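Given next are the chains, with one letter for each unit.
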Amino acid sequence: MLAGIDKVYAENRVRAEYEMVLEYLRSSVNLFNFGWTAVEAAAELKKPDLERDAAYMDRNWAQTKQRLQLAQRNYHDPTDKAIFKELLLRALRLKGSFRIKALDDLFKADASENAAFLGKNFIPDANGTLRLTYGRVKGYSPADAVYYKPFTTLAGVLDKTTGQPPFNTPSKLFDLYKARDFGRFAHPDLKDVPVCMLYDADTTGGNSGSPVLNAQGELVGVNFDRTYDATINDYAWSEDYSRSIAVDIRYVLWVTQKFGGAGFLLEEMGIK
């Protein structure tokens, strides 16, 4: 598996710096983003509604404008300029066919000034780069005399039910639980269907939806969140409280088969 990941990563690395510069110019430099959106909107709004990019369709236009207004609250001119400068310098250091002609024309390909950010590289995000992290399924103790077990169960889902979103559990789940209709997806020790699990693998924004594999390379869950105590993970990680959360694949399969009545999907996937 690692050799396969390395091969894919090597192929992506050829364009990585070029694509990163273009992506971060748009997403990380607020003034550039505001200007880009204005130019793009001017072009898109000339088209018939259904032919526009989704952000500029009539039904989404108010939300797009609101997004820009909210972004202005976080605008800090010195920071924006520092990030813009760093990305421009990186763009001017691109080689060969990855040169950006518009910038070359503006700056005459002069990349002589020292970079910002103390010369350190950007930390790769989980949306634009491949990441592999590992750890153990593990509970934790956030406070004295408090311990969170590594697994939650279907019983816990029902306990949290209030009848109001997001805790308005369908009545069919109650019926299946009362009938103890767990199929082959019950955990032998928990005597219930495991729903979520905690683990100390270090995750970041963009890892949501990533597969969680066991030591045999088998899919055992899908990463989707962190615990409340681990929201600081992007700045500091601790084995004492840093825990990510995945939905247990047994719950996914149980819902698919028992609740959704789509057992044929399991058969198509060869799940026995």
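Residues numbered from 1 in each chain as written. Predicted model: local features only at pLDDT ≥ 70, side-chain atom pairs only at ≥ 80, totals over all residues. Heavy atoms only, no water.

A. Local environment of the overall build of the protein chain. What the protein chain contains, in helices and strands, is 9 helices and 7 strands. Whereas a compact globule of 272 residues would reach a radius of gyration of roughly 19 Å, the protein chain reaches 24 Å, over 25% beyond that. The principal-axis extent of the C-alpha atoms belonging to the protein chain is close to 70 × 45 × 45 Å. Across the 272 residues that make up the protein chain, the buried fraction comes to 29%. (Helix = DSSP H or I, 4+ residues; strand = E, 2+ residues; numbered from the N terminus. Rg over C-alpha atoms; globule rule 2.2 N^0.38 Å. Buried < 20%, exposed > 50% of the residue type's maximum accessible area, 1.4 Å probe, protein only.)

B. Focus on the pattern of salt bridges. The final tally for this structure, using the stated rule, is 13 salt bridges. Linking Asp49 and Arg52 is a salt bridge whose minimum nitrogen-to-oxygen distance equals 3.5 Å. We classify Arg52 as buried; its relative accessible area is 13%. With a closest N to O distance of 3.1 Å, Asp77 and Lys81 form a salt bridge. With Asp77 and Lys81 both in helix 4 (residues 77-92), this residue pair falls 4 residues apart, about one helical turn. (Salt bridge = Lys/Arg side-chain N within 4 Å of Asp/Glu carboxyl O.)

C. A look at unusual backbone geometry. Residue Pro166 is bonded to the preceding Pro165 through a cis peptide linkage, with omega at 5 degrees. For Lys191, which is not glycine, the phi dihedral falls at a positive 55 degrees. Overall, Lys191 belongs to the exposed group, its relative accessible area being 53%.

D. Broad picture of the nonpolar core. Of all hydrophobic cores here, the largest spans 18 residues; its most connected members are Leu154, Leu173, Val193, Tyr251 and Trp254. Mapped onto this core, the elements with two or more residues apiece are helix 6 (154-159), helix 7 (171-178), strand 4 (194-199), strand 7 (244-248) and helix 8 (249-259). Non-local contacts of Leu173, meaning those with residues more than four positions away in its chain, are made with Leu154, Leu158, Tyr251, Trp254 and Phe259. Of all hydrophobic cores here, the second largest spans 14 residues; its members include Tyr24, Ile83, Leu87 and Leu88. (Core = buried A, V, L, I, M, F, W, Y, C linked by side-chain atoms within 4.5 Å. Contact = heavy atoms within 4.5 Å.)

E. The arrangement of the packing of helix 2 (residues 30-44) against helix 3 (residues 58-73) in detail. Interaxial distance between helix 2 and helix 3 falls to 11 Å at its minimum, and their mutual angle equals 160 degrees. Put simply, helix 2 runs roughly antiparallel to helix 3. Once helix 2 is placed against helix 3, the crossing between them reads as left-handed. When helix 2 is examined against helix 3, the residues Asn30, Asn33, Phe34, Thr37 and Ala41 are found in contact with a partner set consisting of Trp61, Thr64, Arg67, Leu68, Ala71 and Gln72. Split into classes, the residues belonging to the contact of helix 2 with helix 3 amount to 5 nonpolar, 5 polar and 1 charged. (Axes fitted to C-alpha atoms, helices over the stretch in contact; angles between N-to-C directions. Parallel < 35°, antiparallel > 145°, perpendicular 65-115°, else oblique. Left-handed = near helix turned anticlockwise from the far one by under 90°. Nonpolar A, V, L, I, M, F, W, Y, C, P; charged D, E, K, R; others polar.)

F. Focus on the sheet that holds strand 4. Ordered by their spatial adjacency, 5 strands build an open sheet running 3-4-7-6-5, and the pairing between neighbours is antiparallel. Both outer strands of the open sheet, strand 3 (151-153) and strand 5 (211-213), are each paired with one neighbouring strand and no more. Ignoring strand direction, the axes of neighbouring strands in this sheet form an average angle of 35 degrees. Where strand 6 (residues 219-226) lies against strand 7, 5 bridges are found, and the strand directions are antiparallel. What sits directly across from Gly221, in strand 7, is Asp248. Docked against the sheet, helix 8 engages strand 3, strand 4, strand 6 and strand 7, running at close to 35 degrees with respect to strand 7. (Pairing = 2+ DSSP bridges.)

G. Layout of the pairing of strand 1 (residues 140-143). Bridge analysis of strand 1 against strand 2 (residues 146-148) gives 2 bridges, and the strand direction is antiparallel. Bridge pairing links Ala143 to Val146 in strand 2. In textbook terms, the turn of a hairpin is the stretch between consecutive antiparallel strands, and for strand 1 and strand 2 this stretch comprises 2 residues, one of which, Ala145, has a positive phi near 70 degrees.

H. Quick peek at the packing of aromatic side chains. Scanning the entire structure with this criterion turns up 7 aromatic pairs. Plain terms: the ring middles of Tyr251 and Trp254 are 6.1 Å apart, the flat faces sit at 20 degrees to each other, and that makes the pair stacked. Here Tyr251 pairs with Trp254, and both are found in helix 8, just 3 residues apart, close to one helical turn. Judged by its relative accessible area of 14%, Tyr251 is buried. Note that Lys172 overlies the ring of Phe259, its terminal NZ or CZ placed 5.6 Å from the centroid. Here the guanidinium or amino end of Arg180 rests over the ring plane of Tyr177, the centre of that ring lying 5.2 Å away. (Phe/Tyr/Trp six-rings, centres within 6.5 Å; stacked < 30°, edge-to-face > 60°. Lys NZ or Arg CZ within 6 Å of the ring centre and 35° of its normal.)

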